There are 2 protein chains.
Amino acid sequence: MDYLHLPESIIEHAKPGGQVLAESKQHRSSSDINPPQTAIDNTCSITKDFSCIYSKDLLPALSGEDTTKSFFQELVNILLSYVCKSFRRSSKVLDFHHPHQLREGLEGFSLELPDQPENLEQLLVDCRDTLKYGVKTGHPRFFNQLSSGLDVIGLAGEWLTSTANTNMFTYEVSPVFILMEEILLKKMQEIVGWSEEEGDGVFCPGGTMSNLYSVLLARYHFFPEVKTKGMTALPRLILFTSAHVRITSIHVRSCLFILSINMGKMIPAELESSIITAKDQGCVPFYVNATAGTTVYGAFDPLNAIADICESHGLWLHVDAAWGGGLLMSNLHRVKLQGIERAWSVTWNPHKMMGAPLQCSAILVKKRGLLKDCNQMCAEYLFQTDKHYDTSYDTGDKTIQCGRHVDVFKLWLMWKAKGSEGFESQVNKCLENAEHLFDKLKQRPDFELVFKSKPEHSNVCFWYIPPGLRNMSPGPERNRRLHEVAPKIKAKMMEQGMAMIGYQPLGDKVNFFRCVFSNPATQTEDVDYLLEEIASLGHDICIRD
Amino acid sequence: MDYLHLPESIIEHAKPGGQVLAESKQHRSSSDINPPQTAIDNTCSITKDFSCIYSKDLLPALSGEDTTKSFFQELVNILLSYVCKSFRRSSKVLDFHHPHQLREGLEGFSLELPDQPENLEQLLVDCRDTLKYGVKTGHPRFFNQLSSGLDVIGLAGEWLTSTANTNMFTYEVSPVFILMEEILLKKMQEIVGWSEEEGDGVFCPGGTMSNLYSVLLARYHFFPEVKTKGMTALPRLILFTSAHVRITSIHVRSCLFILSINMGKMIPAELESSIITAKDQGCVPFYVNATAGTTVYGAFDPLNAIADICESHGLWLHVDAAWGGGLLMSNLHRVKLQGIERAWSVTWNPHKMMGAPLQCSAILVKKRGLLKDCNQMCAEYLFQTDKHYDTSYDTGDKTIQCGRHVDVFKLWLMWKAKGSEGFESQVNKCLENAEHLFDKLKQRPDFELVFKSKPEHSNVCFWYIPPGLRNMSPGPERNRRLHEVAPKIKAKMMEQGMAMIGYQPLGDKVNFFRCVFSNPATQTEDVDYLLEEIASLGHDICIRD
């Protein structure tokens, strides 16, 4: 019979190896505390004793096929049990332990690395413990990060990707994935609004890297001599960005001009005057980073106004749409990125708003060929041009990396599974959740919104006001106390483990909660639950006078 | 009954959805050409019709658990069938098609992205086709890349990692993985030979990034003002490296002094004189990259001699042991890296010689705290310090990235499964294979070694000499012809698909084959097979006069 079809409640308590484990004295694990239900041994013949089996017995060992399959079957049971649990509201989001507790080998879960091999049973127990003490980022009540959710098709894509275990280095070793990357990039460029003749790009390990590419490209575009003569040959270059951006690279930090903001947005007039001031000081402005969806507020810079300024001064316009890019999939919301088609480069992370598993980030570049010109090192020992296929498909020379992880397949498979339409309704739903939260917050006297206006993205920022602070007049004393509220609530929330939300101070604003929605599993009932949870945890917290 | 225990030969030809697919006219796939064996429908009840099921029917859909499990069961069958096939010598390493052939939708395998969702049956077929037209990098006769092999425990680790789908940003969202990273880094530092008080590090997306970290760290160490005042505040800095290194970052390329080599190795006397020359010219040498295991020759720079020079001139010594680091696991071979303990930073990629799935690369830094000092941006909105746990475990401020993929779990699980001993015997075996190939090549008149001395690493470089060239005297004419041999053989080899090996020219040497061993599945019989294959493909090739 099929183990996978057993009731979930049985599977998640069953140990690999069933009863055998209980007799094996040297093993300890979390489950020893709660003895495994043994029903499974009577109903399922697949359970196998792995306590005398080691990795050397698996493939490529001769006749290792059956053992390998049985091992993976047990593993898959553990993983799918976790997946199912992740979506259940009755299960905890996390089971928090402090670092020293985990380091001490909680309930026999030893993290130390041995000299001698351990058996496969112990490994399976370790796998389950690893998941047990982790955080269910796919849980409908995990609101902590821009990347959340567990897209099961994306997950299937990741399993296949790791099974293929290849690299985006050349067409030779990744023919299918290289073509999928090309097709995905083309589609994303089309959605950004570039013409057929425009557009190039590459997937790279995260938004910071994508932004780094954009700076390198801009610099090379205006000053190709940087490649041969180096930085010292260049004038003092200046980049402009708004405050709430982690633009990578300490290489450039010092030439970064950080503009002030209004409700999280860049102020075009200030950009223009700063450009003029920089020129007057003998510096050379060359690059503007506009943000489409800031991390905390989810704000969108006014792209058309910024593009006008960039055009008139001849500057490279980069749009960091790592977080906001997903809204391009929605006919209802893409208006917020109006003007993005005028960008010279765009960062867009499908691992954020589109729900692809981490990591999945693209840098899109309008000018074709620039990526290769900028980054290629003509290392013939890596990229031979006398091969028998069209070596323009070898992407290694477009990147600053050598080996490159395959990040495209999961996104490709998700696109097949949902269609562009599926992404659209997913995005719309997340923004509906944000609006629902915003509406609720407006109505409640125990909460206060950071901004009174409707959120543009799925970020909603707010304070919980405990009873003792509700009648205090605004001022430093109230701020000092309010600053302590969110951390205290968060601490209690993590100990209880039923939801998770982030907080931070920003500018002149003391610690406030930021709720973000990118998980399609989240329903309005989860939003309501979150507010009740915060209110109930916060009602009795103690704030120092 | 358990589908996974069916004979492999049946599984790999069975279609998901069984006979149903044959009736579904809109689907086409590679398997339509070879009709599926239907035996499976009589013997296995698990096979399910997915042609009317869509991703919206999977979790988080209400009552989506069973469907999700069945879908993954089918997927796992496809993946495990591929895994088993990867290790079989009778199966092809690759089934080569040109880009235009794949783009045209080979046998119904369409890569285009739809607006409307496709059904799960089509997705499963697409998954199988993706694997079918890819390259089996785990095949015992895949010798093409430094990263090869399919470690099944590493694979299990990857499946779990993607199921957990979290990020190395903070302890808060990755408690277990953060601790595993700390323990792995500590172990690796101990193996490098640093004391208990020394050592820091981080896993990052590949060796190029790790090397980039080392340059940033060295610069910050000597010139901390770079962080506040920028590059222009610095003198003209010079980095030294030997020729065959792809040291990343076009930021630094222009200040790179490339030393000549002898049999792939840096010449210490030349390093010293170059440092002196640079100083004489008013430049400031600050960083030397020594390589432990070059990409093509597998050469090891003389680390102790280089460390002496770095010490006497006060330079940062970085050792790029991306490829050679694995030899530290072997008591027999670690002598080749003698002196590595004197490095200030080390790049070590377990995804190369240790067989971990891609990506798995570490930058190790001797001076504790430097990584954080160099890279932190004190972005309180990302990393709050008033959280209720020890926030020194939040690694986000040590990195130049924000989100960071979990690359540690697979390595941790492999270490548990093999023990340090297991890695040692794996490494030793790869070097035995290299020695076997070297011995064979010495004996054969139809091959010529690039170097007469025994390989230090598992790289073996050689030419095949076709009959027409064997009696030609050395010179430009023979070289011109010899240069064409390897590409022609490689092209035929890829078309046939039974093995895969890389070639390249280097310096004054015309195209030669480079065989590398990092796949524990490879046996001496595979080495012998490779030589016979090259000789048989090369015997009759046509070289232009």
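Residues numbered from 1 in each chain as written. Chains lettered and ligands numbered in written order. Predicted model: local features only at pLDDT ≥ 70, side-chain atom pairs only at ≥ 80, totals over all residues. Heavy atoms only, no water.

Let's talk about the overall build of chain A
Next, step 1: The helix and strand inventory of chain A stands at 17 helices and 14 strands.
Next, step 2: Burial status across chain A gives 67% buried among its 545 residues.
Next, step 3: Sequence-distant contacts in chain A: of pairs separated by 6 or more residues, those separated by 24 or more amount to 73%.
Next, step 4: Of the roughly 17,900 Å² of accessible surface on chain A, 51% is carried by carbon and sulfur atoms. (Helix = DSSP H or I, 4+ residues; strand = E, 2+ residues; numbered from the N terminus. Buried < 20%, exposed > 50% of the residue type's maximum accessible area, 1.4 Å probe, protein only. Contact = heavy atoms within 4.5 Å. Areas by Shrake-Rupley, 256 points an atom, 1.4 Å probe, with all protein chains shown as cover.)

Notes on the pairing of strand 13 (residues 500-506) of chain B
Residues and elements named next belong to chain B.
Next, step 1: In terms of residue burial, strand 13 counts as a mostly covered element, since 7 of its 7 residues are buried.
Next, step 2: Here strand 13 shows two buried faces, one formed by Met500, Gly502, Gln504 and Leu506 and the other by Ile501, Tyr503 and Pro505.
Next, step 3: As paired strands, strand 1 (residues 142-143) and strand 13 are joined by 2 bridges and run parallel to one another. Considered in strand 13, the bridge of Phe143 is made with Ile501.
Next, step 4: Examined bridge by bridge, strand 13 and strand 14 (residues 509-515) share 4 bridges and lie antiparallel to one another. Opposite Tyr503, over in strand 14, you have Phe513 as the bridge partner.
Next, step 5: Where strand 13 hands over to strand 14, the hairpin turn is made up of 2 residues, of which Gly507 adopts a positive phi near 60°. (Pairing = 2+ DSSP bridges.)

A word on helix 17 (residues 524-538) of chain B
Every α-helix carries 3.6 residues per turn, so stepping three or four residues along brings you back to the same face.
Next, step 1: In a regular helix each residue adds 1.5 Å, so 15 residues correspond to 21 Å; helix 17 of chain B covers 21 Å between its end C-alpha atoms and thus fits that length.
Next, step 2: Of all the positions in helix 17 of chain B, only Asp526, Val527, Leu530, Leu531, Glu533, Ile534, Ala535, Leu537 and Gly538 of chain B are classed as buried. (Expected span 1.5 Å × (residues − 1).)

Focus: the environment of Asp308 of chain A
Next, step 1: Relative to the elements of secondary structure, Asp308 of chain A occurs in helix 13 (residues 303-313).
Next, step 2: With 34 residues separating them in the primary sequence, Asp308 of chain A and Arg342 of chain A have C-alpha atoms 9.2 Å apart.

Looking at the relation of the copies chain B and chain A
Next, step 1: For the match of chain B to chain A, the screw axis carries a shift of 0.0 Å, the RMSD comes to 0.0 Å, and the turn is 180°. Here the transformation between the copies is reduced to the relation of a two-fold axis.
Next, step 2: A shared interface surface links the copies, since 99% of the contact residues of chain B are contact residues in chain A too. (Least-squares fit on C-alpha atoms with pLDDT ≥ 70 in both.)

Let's talk about the UniProt feature "modified residue: N6-(pyridoxal phosphate)lysine" (unreviewed entry) in chain A
All names here are of chain A.
Next, step 1: The feature "modified residue: N6-(pyridoxal phosphate)lysine" (unreviewed entry), as given by UniProt, occupies Lys352 in the numbering adopted here.
Next, step 2: Here Lys352 shows up in the loop between strand 9 (345-348) and strand 10 (361-365).
Next, step 3: Once residues lying within four places of it in the same chain are set aside, the contact partners of Lys352 are Leu146, Ser147, Ala322, Trp323 and Ser518. (UniProt positions renumbered as here; feature names shortened; annotations may be inferred.)

Let's talk about the interface of chain B and chain A
Next, step 1: Counting from both sides, the interface comprises 159 residues of chain B and, opposite them, 159 residues of chain A.
Next, step 2: Both sides together, the interface formed by chain B and chain A hides about 14,400 Å², and carbon and sulfur atoms give 65% of it.
Next, step 3: In this assembly, chain B and chain A are joined by 10 salt bridges.
Next, step 4: Here Lys490 of chain A and Glu172 of chain B are joined by a salt bridge, their closest N and O atoms 2.3 Å apart. (Buried area = accessible area lost by both parts, 1.4 Å probe. Salt bridge = Lys/Arg side-chain N within 4 Å of Asp/Glu carboxyl O.)

A short note on helix 10 (residues 207-222) of chain A
Next, step 1: Over its 16 residues, helix 10 of chain A extends 23 Å from the first C-alpha to the last, a length consistent with the 22 Å expected when each residue adds 1.5 Å.
Next, step 2: Most of helix 10 of chain A sits inside the fold, with 14 of its 16 residues counted as buried.

Comments concerning the sheet that holds strand 13 (residues 500-506) of chain A
Residues and elements named next belong to chain A.
Next, step 1: Judged by pairing direction, the sheet is mixed, and its 5 strands sit side by side in the order 1-13-14-12-11 without closing on themselves. A strand with exactly one partner marks an edge of an open sheet, and here the two such strands are strand 1 (142-143) and strand 11 (447-449).
Next, step 2: Relative to strand 12 (residues 460-464), helix 17 (residues 524-538) is tilted by about 30°, and along the sheet it contacts strand 1, strand 11, strand 12, strand 13 and strand 14 (509-515). (Axes fitted to C-alpha atoms, helices over the stretch in contact; angles between N-to-C directions.)

Points about the environment of Ser361 of chain B
Residue and element names in this part refer to chain B.
Next, step 1: By the element assignment, Ser361 lies in strand 10 (residues 361-365).
Next, step 2: Expressed as a C-alpha distance, the spacing of Ser361 and Asn349, which sit 12 residues apart in the sequence, is 4.0 Å.
Next, step 3: Apart from the residues within four sequence positions on either side, Ser361 is in contact with Val202, Phe203, Cys204, Gly206, Gly207, Ser210, Thr347, Trp348, Asn349, Pro350 and His351.
Next, step 4: At 3.4 Å, the side chain of Ser361 and the backbone oxygen of Gly206 are in polar contact. (Polar contact = N/O pair within 3.5 Å; in protein donor to acceptor, adjacent residues only side chain to side chain.)

Thoughts on the packing of helix 9 (residues 175-192) of chain A against helix 15 (residues 409-443) of chain A
All names here are of chain A.
Next, step 1: In the contact formed by helix 9 and helix 15, the axes pass within 9 Å of each other and the chain directions differ by 55°. The orientation of helix 9 with respect to helix 15, classified from their angle, is oblique. Here helix 9 runs over helix 15; the crossing is left-handed. Between helix 9 and helix 15, the contacting residues are Phe177, Met180, Leu184, Lys187, Met188 and Ile191 on the first element and Phe409, Leu411, Trp412, Trp415 and Ser420 on the second.
Next, step 2: Residues of the contact of helix 9 with helix 15, tallied by class, amount to 9 nonpolar, 1 polar and 1 charged. (Parallel < 35°, antiparallel > 145°, perpendicular 65-115°, else oblique. Left-handed = near helix turned anticlockwise from the far one by under 90°. Nonpolar A, V, L, I, M, F, W, Y, C, P; charged D, E, K, R; others polar.)

Topic: the packing of aromatic side chains
Next, step 1: The full count for this structure, using the stated rule, is 45 aromatic pairs over all chains.
Next, step 2: Geometrically, the ring pair formed by Trp463 of chain A and Phe512 of chain A is edge-to-face, given 6.0 Å between the ring centres and 70° between the ring planes. One end of the pair, Trp463 of chain A, is in strand 12; the other, Phe512 of chain A, is in strand 14, and 49 residues separate them in sequence.
Next, step 3: The buried category is assigned to Trp463 of chain A, whose relative accessible area is 10%.
Next, step 4: Taken together, a centroid distance of 5.7 Å and an interplanar angle of 70° make the contact between Phe447 of chain B and Phe462 of chain B edge-to-face. Placement of the pair is Phe447 of chain B in strand 11 (residues 447-449) and Phe462 of chain B in strand 12 (residues 460-464), with a sequence separation of 15 residues.
Next, step 5: For the cation-ring pair, Arg141 of chain A lies above Tyr529 of chain A, with the distance from its terminal atom to the ring centre recorded as 3.8 Å. (Phe/Tyr/Trp six-rings, centres within 6.5 Å; stacked < 30°, edge-to-face > 60°. Lys NZ or Arg CZ within 6 Å of the ring centre and 35° of its normal.)

A closer look at the pairing of strand 10 of chain B
Residues and elements named next belong to chain B.
Next, step 1: With 5 of 5 residues buried, strand 10 is to be regarded as a mostly interior element.
Next, step 2: On strand 10, burial covers both faces: Ser361, Ile363 and Val365 on one face and Ala362 and Leu364 on the other are all buried.
Next, step 3: Sheet topology places strand 2 (residues 200-204) next to strand 10; 5 bridges connect them, and they run antiparallel. Counterpart to Asp200 in the pairing with strand 10 is Val365.
Next, step 4: Relative to strand 10, strand 9 (residues 345-348) is paired through 4 bridges, and the arrangement is antiparallel. The partner of Val346 across the bridge, within strand 10, is Leu364.

A word on the side chain of Ser345 of chain A
Residue and element names in this part refer to chain A.
Next, step 1: Here Ser345 shows up in strand 9.
Next, step 2: At 2.8 Å, the side chain of Ser345 and the side chain of Trp316 are in polar contact.
Next, step 3: If sequence neighbours within four positions are ignored, Ser345 has contacts with Trp194, Ser214, Trp316, Leu317, His318, Val319, Ile363, Leu364 and Val365.

Describing the pattern of salt bridges
Residues and elements named next belong to chain A.
Next, step 1: In this structure the tally under the stated criterion is 60 salt bridges over all chains.
Next, step 2: For Asp526, the salt bridge identified is with Arg141, shortest N-O distance 2.8 Å. Pair noted here: Asp526 is in helix 17 and Arg141 is in the loop between helix 7 (120-132) and strand 1, with a separation of 385 residues, a long-range link.
Next, step 3: Where salt bridges share partners, they join Glu477, Arg480, Arg481, Glu484 and Lys488 into one cluster.

Some words on the sheet that holds strand 10 of chain A
Residue and element names in this part refer to chain A.
Next, step 1: The mixed open sheet is built from 7 strands, whose spatial order is 2-10-9-8-7-3-4. Edge strands, defined here as strands with exactly one partner in the open sheet, are strand 2 (200-204) and strand 4 (256-259). The sheet shows a mean angle of 20° between the axes of neighbouring strands, direction not considered.
Next, step 2: Here strand 3 (residues 237-242) pairs with strand 7 (residues 284-291) via 5 bridges, running parallel. From the neighbouring strand, Leu237 faces strand 7, where its bridge partner is Val284.
Next, step 3: Strands strand 2, strand 9 and strand 10 of the sheet are contacted by helix 9, whose axis makes an angle of about 115° with strand 2.

A short note on the packing of helix 8 (residues 152-164) of chain A against helix 7 (residues 120-132) of chain B
Helices that pack against each other are described as a pair by the angle of their axes relative to one another and the distance between those axes.
Next, step 1: Between helix 8 of chain A and helix 7 of chain B, the least distance of the axes is 11 Å, while the angle of their chain directions is 15°. For the element pair helix 8 of chain A / helix 7 of chain B, the angle class is roughly parallel. Regarding helix 8 of chain A and helix 7 of chain B, the two cross each other, and that crossing is right-handed. Together, Ile153, Leu160 and Ala164 of chain A of helix 8 of chain A and Leu120, Leu123, Cys127, Thr130 and Leu131 of chain B of helix 7 of chain B make up the contact between the two elements.
Next, step 2: Taken together, the residues of the contact of helix 8 of chain A with helix 7 of chain B sort by class into 7 nonpolar, 1 polar and no charged.

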